[in-house]
Amino acid sequence: MKQDNPVPKLDLAPKLKRSLSLWKPLDYLRLLYWVFYFPQALRWYVNTFGGGYIPVKEMTLGKGLSILRENTVQRQLLFQSLVITVIIPFLLCLLLEKIGIQINWSSIALGIALTLSLGIVLGTSLGVVFGTALCITSSVAFVLAFNILRELTFIVALGVICITERNVTFDQILNMVDKGALILAWVVTLIIILGVVFGASLNVTYGLVLSVIIGITFGVLNGILSGILSCVLISLALGIVIMRPDNWLVNVALSLFSSFQKNWLLPRITYLPLPQLKSRLIAWFYKDWDVGIENVNQILEYSLQFFPVVSAIEKVLNELPEDQIIFRVSQLAQNLYDWRLFLYISIDIKTRLKSIIVETIVDFPIFFFISKNWKEQVKYNLRPIIPVDTPITFRTAVAGFWFLYQKKPAISTQFFSLLNNLLYGEELFILTQTLSMLQHVYHVDAIASLNITTFPTENLLRPSTWQAMNSLRRVVDDIKLVQHSASRNTKSLAYSHAIGELAEVINNQEQILEAERALIVNIAQNWKQTLEKIGKSIGDVAITKPVRNPYVIGNPVTGSLFVGRKDILRQLEELWILGNQLQSVVLYGHRRMGKTSILVNIAQHTGAEIKVVYINLQRLGAISQGVAEVLIAISDAIAKQLNIESPSDEAFLTLPQRTFERYLQQVIANMNYRGLIIALDEFETIEELIKEGQLDPRFMGFLRGLIQIDPAKLAFAFAGLHTLEEMTADYFQPFYASVIPIKIGFVSAEANKTLLANPVSIDVPSLSQIEQASTIDDPDNDFLLDYTAEALDLIYSLTSGQPYLTQLIGFQLVRNYNDQVFEQNKSRESTFTVKDVESVVSKNFFQQGRYYFEGVWGQAAQDTPGQRAIIIAVAPHPQGITKDELISVTGLIREQINAAIATLERHDVIQELEGNYRIIVELFRRWVMMYGRTKLY
């Protein structure tokens, strides 16, 4: 709903759109104005243009020197302050000299030199912002104080000499005056420095503490009366300098005519509370809470009106309904500029003053020689205690968030336990309780023993924080696997997952809400360091006996050794599991591409509701009883898998097709599965049997009829070398509209590397599955060998991802390793290199893989003529040759070349790249170069 009078959004930041220039005089005046009337602008300037402001407490000499070397803006800022330190005092002295005040230029030069040195030293050790403010204020203050006090001291000295009637020369009077004025000037300069730098940038009570210290010192040295007098005078001076009543009076007058709009002139350097500020803040909060928070942050960042803000927020929170307290306080805590606000709101006035005094005294610069740890311990021992047993108010929620921000979740839990019955109270109680449990757990055993309670999931106040908490919980689960699993693969996977989760928490920490951000990130960093210490030991496994060879050649790959092919499995799952009907498919592709392995293993991916029956038609051999033998083989496989008795052989021999159809209907009616997949491998056998006259061509029509018996419960999966489009005989036509072709091609480079480096199943979808598997894992099944990246790249360049050749290379590498280490007793690394791969390929590899190479070569002699001639012509050219060159070399006409190339491309033997035709598999190209011509006929 649109409001008639929206709350004005304050924008109190400087309006400068560029960095300060060394060549613009107005920029020097702007810098001078910032130092004396808007010191917060220096911090803003460094944050905006100078690479980021580093607080004085975090600054070190090393950081300061590094910033000045690397950051041009901050280096120029310090230079500009040094220029002002010299030029402004010089101009002031000239002005004073014009009005008749005698200038002692040597003393002025000495004072400026000292302030320059002080600014440079502190600018590097405490930060450029601090050094700039100190440099300019101290030099200007010294010049004014010295010259004015010199005149006053001269008048006083003359009066004293006249009264005492002493004989003193004029030079002696001037010498005495200069010394006295110099001392007084430095005292005044110190007061000004404390007022402008400490008062505006750090804390108002520094001045009060200093006056007390000086008063006590004078009291001890010169008597109680002088001590009290100096304490009062210095306190008065500091009060004027720090509180800046002049600035307050001017802005009070202006505020009477101001409506607090965007460019409202707010006093930046006075602690005195402005009239109407509290009431206006309260009104803003009631009207628009979000804008009220934005305005509060503007006031905290660009002024010293801290206590009016505290008072206004206390008033608003105190009048909130109970069910809004936690939500509103949480909103206030998001992106809060000054977290001291929460400390001051959560405690009463008396405790608040105690906190100010303790922190001020301990952090006072005069105690620079005391260690930071000792100061923190003193502050902790004298910390303001927020009573937990007080009545439940907004202060309880504020205190809970304050201690959470202070990384003290145990104390925070005590407060949130009182708010359990309020909205979001239980969520914050669980959060702080869990963080309290995790905070001081560093050792791996301790992390693994954690038992984290269930996290809330609905109506969350801090959803981004819970994402990080869930990451930490998953890390605990991973570390349990690292500690308790016997499998190196499982340990490594869990370890990598845990490191990744922790890195994600650390890298995305900005998404975590600020109150708990530092604590959660601290936990993540500690755990990551702990894991990194044990990382090497996880992978260090001694190989004391021959490595079990996980690579399979010749036979189908089964069980945990079947890895990869996720794309094909996903397609089959979509067709058989996610659809309303079962879809029949044909898997086709190059020889030894893994079609059989897919059919054998697909049952592991179809779930309990879909049953897959595998039949290898090549095992039929020569048949004498025609279609009856084929159907008997299929029915026997179904009966074995489903435990549903098949008809007798006599029934098949009498009425084969009718008997099989009835049996299928019986199976569909009685099976305890949602669907049945009949997988027929080596399907080209059917074509061969038809061509040889052992099967009636009408058998293909019969198969199509079987596919259509019950599409919701029955489907076929055919696997072979040819696509159905290549089976051009009329008896294959009925299949065109009944099956979906799926090409089984080469494995991708990334999948090929994964297959080699992780030859045992790496598909571990969830931690729960890992945990279940780890209880039965056999450490002997772990693959303890590894590959260099260059070796993996070389294998892919040789095989192009052909699964059989990849498995064969891996098989030979493992066998060579076992032979070298355990037969020849040679010492070697457990990582395969390029040299190992080249050695394997050069030793009898083509003889060992002859079944693959001769199979591809034999297929090239079928169907389209000219295929072998093209292969022989292309083989000498690894980068390929053009079609015109092929015509010239082979003597084939263009139509023959086009037809043969199309077949070879379809069979994944050659490919065209930028007009050149090349053999895809490098190892096959080498085989052709060595054996192709001898096997041409």
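Residues numbered from 1 in each chain as written. Predicted model: local features only at pLDDT ≥ 70, side-chain atom pairs only at ≥ 80, totals over all residues. Heavy atoms only, no water.

Caption draft 1: Representation of the overall build of the protein in the model. Counting its secondary structure elements, the protein contains 42 helices and 9 strands. Put simply, 74% of the contacts in the protein that link residues at least 6 apart link residues at least 24 apart. As displayed, the protein has an accessible area near 45,600 Å², and 56% of this comes from carbon and sulfur atoms. (Helix = DSSP H or I, 4+ residues; strand = E, 2+ residues; numbered from the N terminus. Contact = heavy atoms within 4.5 Å. Areas by Shrake-Rupley, 256 points an atom, 1.4 Å probe, with all protein chains shown as cover.)

Caption draft 2: Expanded view of the side chain of Thr-465. Position of Thr-465 among the secondary structure elements: in helix H22 (residues 463-484). Judged by relative accessible area, which is 0%, Thr-465 ranks as buried. (Buried < 20%, exposed > 50% of the residue type's maximum accessible area, 1.4 Å probe, protein only.)

Caption draft 3: View of the sheet that holds strand E2 (residues 610-616). Strand order in the open sheet made by the 5 strands is E2-E3-E4-E1-E5, with parallel pairing throughout. Two strands close off the open sheet at either side, each with one partner strand: E2 and strand E5 (740-744). Strand-to-strand twist in this sheet, taken as the mean axis angle between neighbours without regard to direction, amounts to 20 degrees. Pairing of E2 with strand E3 (residues 675-681) involves 7 bridges; the strand directions are parallel. The partner of Asn-616 across the bridge, within E3, is Asp-681. (Pairing = 2+ DSSP bridges. Axes fitted to C-alpha atoms, helices over the stretch in contact; angles between N-to-C directions.)

Caption draft 4: Representation of the nonpolar core within the structure. Counting residues in each nonpolar core, the largest one holds 106 residues, and the members touching the most others are Trp-34, Phe-342 and Trp-527. Top contributing element to this core by residue count: H22, with 9 residues. By size, the runner-up hydrophobic cluster in this structure holds 55 residues, among which are Ala-791, Val-841, Trp-857 and Ala-873. (Core = buried A, V, L, I, M, F, W, Y, C linked by side-chain atoms within 4.5 Å.)

Caption draft 5: Quick peek at the pattern of salt bridges. All told, the structure shown has 14 salt bridges when counted by the stated rule. We note a salt bridge from Arg-828 to Asp-836, for which the minimum N-O separation is 3.0 Å. (Salt bridge = Lys/Arg side-chain N within 4 Å of Asp/Glu carboxyl O.)

Caption draft 6: The arrangement of the packing of helix H34 (residues 789-799) against helix H36 (residues 834-842) in detail. Interaxial distance between H34 and H36 falls to 8 Å at its minimum, and their mutual angle equals 30 degrees. Facing H34, whose interface residues are Glu-790, Ala-791, Leu-794, Ile-795 and Leu-798, H36 presents Val-834, Val-837, Glu-838 and Val-841. Looking at the contact of H34 with H36 residue by residue, the class counts come to 7 nonpolar, no polar and 2 charged. (Nonpolar A, V, L, I, M, F, W, Y, C, P; charged D, E, K, R; others polar.)

Caption draft 7: Highlighting the packing of aromatic side chains. Going through the model one piece at a time under the given rule, you end up with 25 aromatic pairs. Their ring planes at 85 degrees and their centres at 6.4 Å tell us that Tyr-817 and Phe-832 sit as a pair that is edge-to-face. Of this pair, Tyr-817 sits in helix H35 (residues 803-823) while Phe-832 sits in strand E7 (residues 831-832); the two residues are 15 residues apart in sequence, bridging distant segments of the chain. Its relative accessible area of 4% is what places Tyr-817 among the buried residues. One aromatic cluster is present, built from ring pairs that chain together Tyr-804, Phe-845, Phe-846, Tyr-852, Phe-853, Trp-857, Phe-924, Trp-927 and Tyr-931. Lying across the ring of Phe-306, Arg-340 places its NZ or CZ 4.7 Å from the centre. The ring of Phe-455 has Arg-473 sitting right over it, with the charged end atom 4.5 Å from the ring centre. (Phe/Tyr/Trp six-rings, centres within 6.5 Å; stacked < 30°, edge-to-face > 60°. Lys NZ or Arg CZ within 6 Å of the ring centre and 35° of its normal.)

Caption draft 8: How the structure looks around the pairing of E3. Most of E3 sits inside the fold, with 7 of its 7 residues counted as buried. Every second residue of E3 is oriented toward a common face, with Gly-675, Ile-677, Ala-679 and Asp-681 on one face and Leu-676, Ile-678 and Leu-680 on the other, all of them buried. In this sheet, strand E4 (residues 714-720) lies alongside E3 in parallel orientation, the contact comprising 5 bridges. If you follow Ile-677 over to E4, its bridge partner there is Ala-715.

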